[in-house]
Amino acid sequence: VQLVESGGGLVQPGGSLRLSCAASGFTFSRCDMSWYRQAPGKERELVASITSAGESTNYGDSVKGRFTISRDNFKNTVYLQMNSLKPEDTAVYYCKIERLGRTSLNYWGQGTQVTVSS
């Protein structure tokens, strides 16, 4: 199982970034996926999640209306479009396999740094 995040970087407040998580080594199209983030000195928090076919999404309160999670099951990739970024969005963002069917899983990517600063 491998999850490789990309797309992080430095962006000014109000800017946008799109994160990608390329998956391999498992049946991606059968798995619910999530994005989490962890800021320095804070606990890791759920940012967004998406069901296996992409029919349902869920967002943390702090990102609702600004972030959009999506997936491409042909490319085995899950995305996080982040708009109207704020300094408090600064964190390491991680991709995670949540579930395969009814079985909870705990596979994580290595993370990608997002820094929002002027």
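Each value, and the rule that gives it
Residues numbered from 1 in each chain as written. Predicted model: local features only at pLDDT ≥ 70, side-chain atom pairs only at ≥ 80, totals over all residues. Heavy atoms only, no water. Helix = DSSP H or I, 4+ residues; strand = E, 2+ residues; numbered from the N terminus. Buried < 20%, exposed > 50% of the residue type's maximum accessible area, 1.4 Å probe, protein only. Contact = heavy atoms within 4.5 Å. Salt bridge = Lys/Arg side-chain N within 4 Å of Asp/Glu carboxyl O. Phe/Tyr/Trp six-rings, centres within 6.5 Å; stacked < 30°, edge-to-face > 60°. Lys NZ or Arg CZ within 6 Å of the ring centre and 35° of its normal.

Caption draft 1: Region of the structure containing the environment of N83. In this fold, N83 is placed in the loop between β8 (77-82) and β9 (91-100). Taking relative accessible area as the criterion, N83 reaches 29% and is therefore assigned partly exposed. Sequence-wise, N83 and R102 are 19 residues apart; in three dimensions their C-alpha atoms are separated by 32 Å. Residue contacts for N83: discarding those within four places in its chain leaves G15, S16, R66 and F67.

Caption draft 2: The arrangement of the pattern of salt bridges in detail. Taken as a whole and judged by the stated rule, the model has six salt bridges. Between R37 and D89 there is a salt bridge, and its shortest N-O distance comes to 2.9 Å. With a gap of 52 residues between them, R37 in strand β4 (residues 31-38) and D89 in the loop between β8 and β9 connect regions that are remote in the sequence. When the shortest N-O distance is used, the salt bridge between D61 and K64 registers 3.1 Å.

Caption draft 3: Expanded view of the packing of aromatic side chains. Per the stated rule, a full pass over the model turns up three aromatic pairs. Here the aromatic rings of Y94 and W108 are separated by 6.3 Å at their centres, their planes lie at 85 degrees, and the arrangement is edge-to-face. One end of the pair, Y94, is in strand β9; the other, W108, is in strand β10 (residues 103-108), with 14 residues separating them in the sequence. The class of Y94 is buried, set by a relative accessible area of 14%. A relative accessible area of 29% means that W108 is categorised as partly exposed. The rings of Y36, Y94 and W108 are connected pair by pair, giving a single aromatic cluster. Between R44 and the ring centre of Y94, over which it is positioned, the NZ or CZ distance is 3.8 Å.

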